Each structure stands twice: as C-alpha cells, then as structure tokens.
Amino acid sequence: MSKNFYNPSHEGIRITHPMAVYGFYRKYRTIVEIALLIAFFLFPWIKINGFPAILIDIPHRRFSLFGLQFWGHDTPMLFFVMASFSMGIVFATSAWGRVWCGWACPQTVFIGAIFRKIESFVEGGHIARIKLRKAPFHKEKLIKKTVKWSLFFLTSAVISHTILAYFAGAENLVSMIAISPFKNWAVFLTTGIVTIVVMLNFGWFREQLCISICPYGRLQSVLMDENSLAIIYDEKRGEPRKGLQPKTEEPGDCINCYKCVAVCPTGIDIRKGLQMECIACTACIDACDTVMATVKKPKGLIRYESENGLRGRPSGFWRIKNMIYLGLVSACLIGLASYISNRPDLDITVLRAQESPYRVITKSREEPLISNHYTLNLKNQSFHEIEVDIKHAEDSRNKGIEIIAPTYPEMIAPGKTTKNHFFITFPKSLLSEKGQLNFQLHIAATSNNKTTRNYIKELTLAGPVK
Ligand code: SF4
Ligand code: SF4
C-alpha cells in the first residue's frame, strides 16, 4: 500500500491524504480553479440580455445559456449544445488526454481548491492528518473533526444553494430563502439532500468517484492512443532507481523518494506506467520537478508526454482521429450557430381551414366577394411577451382585399402557443383564370422592448375557376 493511504478494510474504499505540492502546474491550476469557482458562483447572478447567464428551468422547460434562450421543444438547439460539449471533450481527450479531469472537472476543482484546503487548515499537513485519522477518539480529534465537518457542511450548503439558483433563478432563490422552509418544503428537502450528497462526495468519497463511478474515466482508454498527451514517468531516464540498482550499474535519475506517490490524490505510483486511476492532476510533475531541482538534474522526469514522444517518435496532433473529432465539433458548432441565427422569436404556421377552400358572398348590385378561411398557429419562442397583429400591404387594401381577424392584435406569453381563425375576402375579379390569387400576409410581432419584427407569409388564395 502506498505511504499516503489510510485504508481500513472495513471501509472498503481508499481515503488518501496527499501531501501539499507547489510548482509550475500547481500555480496555473490554482488560477484556473479560482476562475472556475468565481464563474460557478456568479453565473446565476449575471444577467445577459436580461436573463441569467445560465438557467436550467426544468419545470417550465426553458433554458438560458449566455444570452441564448430556448425552450424544451427546441430539440435541435439542445442537441447541438450537448453534442458540441460532448464532442469537445472527446476531441480534448484524444489530443491532450485527461485534461478535463485534471484542470476543469468540478470533482477535482471543488476537492482541491476548497475541501482539501479546509481539511489542511483544520487538521494540518498530510502526516498530521494520517496520524489524526489513525488515532483513537480523544478530545482534540473530536474538536477537529467537528470543526472540519461543520465547515464542510456550510460550504456544501452554499454550493447546493448555488446549484438551486441554476435551476430556479437567483431572484427565486432569494425569495425562497426569505420564507419559512415549511412553505416550500419540497425545495427545502431537495436542497438539504443535495447539501448532504455534496458534503459526502467532496468531503469523504472524493477521487473514489473518478476511479469507480465516473463513466468518462472508463471511456478515456478508448479515446486515447499512443499519440495522446498523458502524464508519464520517463522510465528510460529514471531507472534503475537510486539504491535499487545492481552494484555494477549507474543509477537512473529517480532517487526513489516517493514524493510523486505522496502527492497523488488517487494514491497511485505513476512509475508503474499509465493507469486508469490517474486523473492527470499534474501534482506528481511538480513534486518530481522540485526533487530534480534539489538533486541538480533536469526537470521533466515525470511530464506531459505521449507514449510515442517517450519512445522518441513523432506524436502527430493532426492525425485522422483528431481531425474527425475536430470536424464533428465544428459541425455541431456550425449547426448551433445556424439554428440560432435562423430561429425566429415567433414560429408561424398558416393553414387553410379544413372546410371548403372558399365561399362566394353575393350582395345585390355588387361584385361577388370570395372568402378564404385560415387558421394561424403562433408559438412564442422568446422569453418575452409578444404582441402579434396581422396586416396586409396597402396596395392590396386598395384593391378591395380585407382581412377579418377579430382576435388580433393578440398578446402571446413566453413559450405559449395560440391558434386563431381569420378570413380574407376579396373581389372575384382579382382571381386568375385558374381561380387563384397570390397574397402576402404581414405579421407584425412587437416584443415588450418595443422592437417590431415583420414576418411575411406567401398565400395562394382560392376561388372559382373562370
Ligand atoms: S518524485 Fe521523482 S525522483 Fe522521487 S520517486 Fe517520484 S519519480 Fe522518483
Ligand atoms: S499519477 Fe500524478 S497526475 Fe496522476 S493522479 Fe497521481 S499525482 Fe495526479
């Protein structure tokens, strides 16, 4: 068993107490973690186009993503968003290995940047933590464990409320907090359960999720190949390890100090080769580089490298597999952009009513009028109310064409669909020999910010053949 494990057999899982590490990658990972945490906690509060940067309102089936608003029925949009994200991760894995796990996965970020920091603050360095864990229960242990788990609970409560804000909106979160939990017991109970799950996951289960549950961890072996970047120990340079080499041989650069194992959050020894448990957190690179600097050897005994690179072969980034993944990511993004640019706020369907295509209205001493009956189906796809009115061009009014639409103008609520009837009447003399008349129906949609967009629908009005 590695030195930094506490693994009581009755628990069945491995709890690690990794040593703190400092170095080049640790510095940049800290910057990335802070940026990601700020984004996580602020996104529900930031408004873009009047809506939260991210909103996943499942009960009302509406979603907001950095200024884009879409509904549950916008299946192509949901598909393109999810496909772009999934294909982006597949491409990144093929090119740069588990870069997502090491740098951006919430599991890694929350544990490394918050929960382990709290633990070290309360219980001390990794040796002190292991000693405390193995020690029998006494007053100091009870106090430290109580303080640590209380801080874990408070942090988890903040995280679970932020998660709630993503689903309910920040304003709703504030009003829910302001009222008694018993008036909103379902939300209160759900948030309580999420708090407990978050606390146990980040505070206790930790990287075991990456090793035994996360499906992406299992998928990586399929997605990566000998050209993918991974965190690799340079065996040729490091072996035989100092102190373990035959007397006749010169030792390699590895001084067998076990620092790379002591800092590993999953408790593996990277010198045994690429392993599924490695979440590419870069801690062993920093630890080993510090050791190499101390023994005055070049850095990079453990480094980002591909298997081909390690063998001195070229590792091509622009290989067919990567090109296909990149092509699929680009296709998904182009599909998303095209769907967004072509998606109007108002979805309009004009259908001829199902009874006879026209009626002839005859009045004494006047030219007969033809009446066509239509239904207008409108879907408000925006997050604003829209006032809809239907009109026709001025010149068609001069020709005696009239629209009879008693229900318009009509106000349509966000996400709602309406269906109304209207009639178009016109003098029989306007019909062609085939009994047809081309007509442009103008639909004016005014949103509550007073912007008006005009939609034109081409109709072929029908009447008796001459
Ligand atoms: S930290 Fe470097 S030198 Fe020390 S055991 Fe690991 S690989 Fe060897
Ligand atoms: S082997 Fe290195 S990179 Fe992989 S999880 Fe352990 S410390 Fe992180």
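The rules behind these values
Residues numbered from 1 in each chain as written. Chains lettered and ligands numbered in written order. Predicted model: local features only at pLDDT ≥ 70, side-chain atom pairs only at ≥ 80, totals over all residues. Heavy atoms only, no water. pLDDT = per-residue confidence, 0-100. Contact = heavy atoms within 4.5 Å. Phe/Tyr/Trp six-rings, centres within 6.5 Å; stacked < 30°, edge-to-face > 60°. Buried < 20%, exposed > 50% of the residue type's maximum accessible area, 1.4 Å probe, protein only. Helix = DSSP H or I, 4+ residues; strand = E, 2+ residues; numbered from the N terminus.

### So, the confidence of the model for the protein chain
So, point 1. Across the protein chain, pLDDT averages 88, with 96% of residues at or above 70.
So, point 2. This stretch, residues 1–12, has a pLDDT under 50; its non-local contacts, to residues over four places away or in other chains, come to 27 contacts.

### Considerations on the packing of aromatic side chains
So, point 1. Overall, the coordinates contain 17 aromatic pairs when judged by the stated rule.
So, point 2. Ring geometry for Trp204 against Phe205: centres 5.9 Å apart, planes inclined by 35°, an arrangement best described as tilted.
So, point 3. Its relative accessible area of 17% is what places Phe205 among the buried residues.
So, point 4. Ring geometry for Tyr374 and Phe422: centres 5.6 Å apart, planes at 15°, overall stacked. Placement of the pair is Tyr374 in strand β12 (residues 369–380) and Phe422 in strand β16 (residues 417–427), with a sequence separation of 48 residues.
So, point 5. Take Tyr374: its relative accessible area is 4%, and that puts it in the buried class.
So, point 6. The buried category is assigned to Phe422, whose relative accessible area is 0%.

### Brief notes about unusual backbone geometry
So, point 1. With an omega of -10°, the peptide bond between Glu239 and Pro240 qualifies as cis.
So, point 2. Cis peptide bonds are those with omega within 30 degrees of zero, and the linkage from Tyr408 to Pro409 qualifies with 5°.
So, point 3. Locating Pro409 in the fold gives a position in the loop between β14 (402–404) and β15 (410–412).
So, point 4. The residue Arg61 is not glycine, and still its phi comes out positive at about 55°.

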